[in-house]
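Observations on the model geometry
One letter stands for each residue in the lines below.
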Amino acid sequence: GDSVTQMEGPVTLSEEAFLTINCTYTATGYPSLFWYVQYPGEGLQLLLKATKADDKGSNKGFEATYRKETTSFHLEKGSVQVSDSAVYFCALPSGGGNKLTFGTGTQLKVEL
Amino acid sequence: DTAVSQTPKYLVTQMGNDKSIKCEQNLGHDTMYWYKQDSKKFLKIMFSYNNKELIINETVPNRFSPKSPDKAHLNLHINSLELGDSAVYFCASSVTPLTSGSPGELFFGEGSRLTVL
């Protein structure tokens, strides 16, 4: 079935460092791809998305490009802040579009 | 106004008890979900309802029974609670389908942390 695989955490960075969180997908066709973020003690919220190949999603300084050649949707940010500390989930629709399947989540901790 | 609200936020109970979690969304969405998040943050879908009709039931023990009285509400009742049921349960809603070209966004509640002792 359709699935996503993301890098294991935790990832610990210093403030202003460059962030990459890898995500690759397995799917029939070219589904929309999503990154969700979960801040401590909260539910998940959509960070960004891309609906077709070569699209770039961006929000709050984060970017991810939908690359069908490498079946990837890596999350990047040029300069992380302490407030970016959270768990990040890659996701795609599955089950005929009736649900989102999430990756295992990557915990990011940003230190001063 | 909170878009997706769940109650209670915390629930501590003994093994063998029965408990319920309630969820309401005011977004006008047709589809609602229950996800379970374990201690390692892994998220797994349990159920999905579309316009009060069950469309996904992901091999969840039948001790778990969802109920959707209308498309704005989805409740989760758990019978005979076990230690392994301890988790955070998230309710979510969306416009369906989640296929390419649709808004494709799930809106999550803040979660209900269930601890079974």
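Here the structure is a predicted model, which is why all the values come from computation and not from measurement.

Focus: unusual backbone geometry
Cis geometry is adopted by the peptide bond preceding Pro10(A), which originates at Gly9(A) and carries an omega value of 0°. Looking at the secondary structure, you find Pro10(A) in the loop between strand E1 (3–6) and strand E2 (11–14). The linkage connecting Thr7(B) with the following residue, Pro8(B), adopts the cis geometry, with an omega of -5°. Among the structural elements, Pro8(B) can be located in the loop between strand E1 (4–7) and strand E2 (10–13).

Quick word on the packing of aromatic side chains
As enumerated under the stated definition, the model contains 13 aromatic pairs over all chains in all. Ring centres of Phe34(A) and Tyr36(A) lie 6.2 Å apart, and the angle between their planes is 45°; on these two criteria the pair is classed as tilted. Side by side, Phe34(A) and Tyr36(A) carry an identical accessibility label, which is buried. Here the aromatic rings of Phe102(A) and Phe108(B) are separated by 6.1 Å at their centres, their planes lie at 65°, and the arrangement is edge-to-face. With Phe102(A) in strand E11 (residues 99–102) and Phe108(B) in strand E10 (residues 107–108), the pair connects residues from two separate chains. Phe108(B) matches Phe102(A) in its accessibility class, with the two residues each being buried. An aromatic cluster of three or more residues is present, and its members are Phe34(A), Tyr36(A), Phe89(A), Phe102(A), Tyr33(B), Tyr35(B), Phe90(B) and Phe108(B).

Comments concerning the sheet that holds strand E8 (residues 73–78) of chain B
All names here are of chain B. Pairing in this open sheet of 4 strands is antiparallel, and the strands run E1-E3-E8-E7 from one edge to the other. This sheet does not close on itself; its edge strands, each paired only once, are E1 and strand E7 (64–70). For this sheet the average axis-to-axis angle between neighbouring strands, irrespective of direction, equals 15°. Sheet topology places E7 next to E8; 5 bridges connect them, and they run antiparallel. Looking at the pairing, Asp70 lines up with His73 of E8.

Topic: the pattern of salt bridges
Under the definition given, this model contains 9 salt bridges over all chains. Notably, a salt bridge pairs Glu63(A) with Lys56(A), separated by 3.6 Å at the nearest N-O pair. On the basis of relative accessibility, which here comes to 34%, the residue Glu63(A) falls in the partly exposed class. On the accessibility criterion, Lys56(A) (52% relative accessible area) is exposed. A single salt-bridge network, built from bridges that share partners, covers Arg63(B), Glu82(B) and Asp85(B).

Some details on the environment of Val60(B)
Residue and element names in this part refer to chain B. Mapped onto the fold, Val60 is located in the loop between strand E6 (53–57) and E7. The spatial distance from the C-alpha of Val60 to the C-alpha of Ile45 is 9.3 Å, given a sequence separation of 15 residues. When neighbours within four sequence positions are excluded, Val60 is seen to be in contact with Met46 and Phe47.

The rules behind the values
Residues numbered from 1 in each chain as written. Chains lettered and ligands numbered in written order. Predicted model: local features only at pLDDT ≥ 70, side-chain atom pairs only at ≥ 80, totals over all residues. Heavy atoms only, no water. Helix = DSSP H or I, 4+ residues; strand = E, 2+ residues; numbered from the N terminus. Phe/Tyr/Trp six-rings, centres within 6.5 Å; stacked < 30°, edge-to-face > 60°. Buried < 20%, exposed > 50% of the residue type's maximum accessible area, 1.4 Å probe, protein only. Pairing = 2+ DSSP bridges. Axes fitted to C-alpha atoms, helices over the stretch in contact; angles between N-to-C directions. Salt bridge = Lys/Arg side-chain N within 4 Å of Asp/Glu carboxyl O. Contact = heavy atoms within 4.5 Å.

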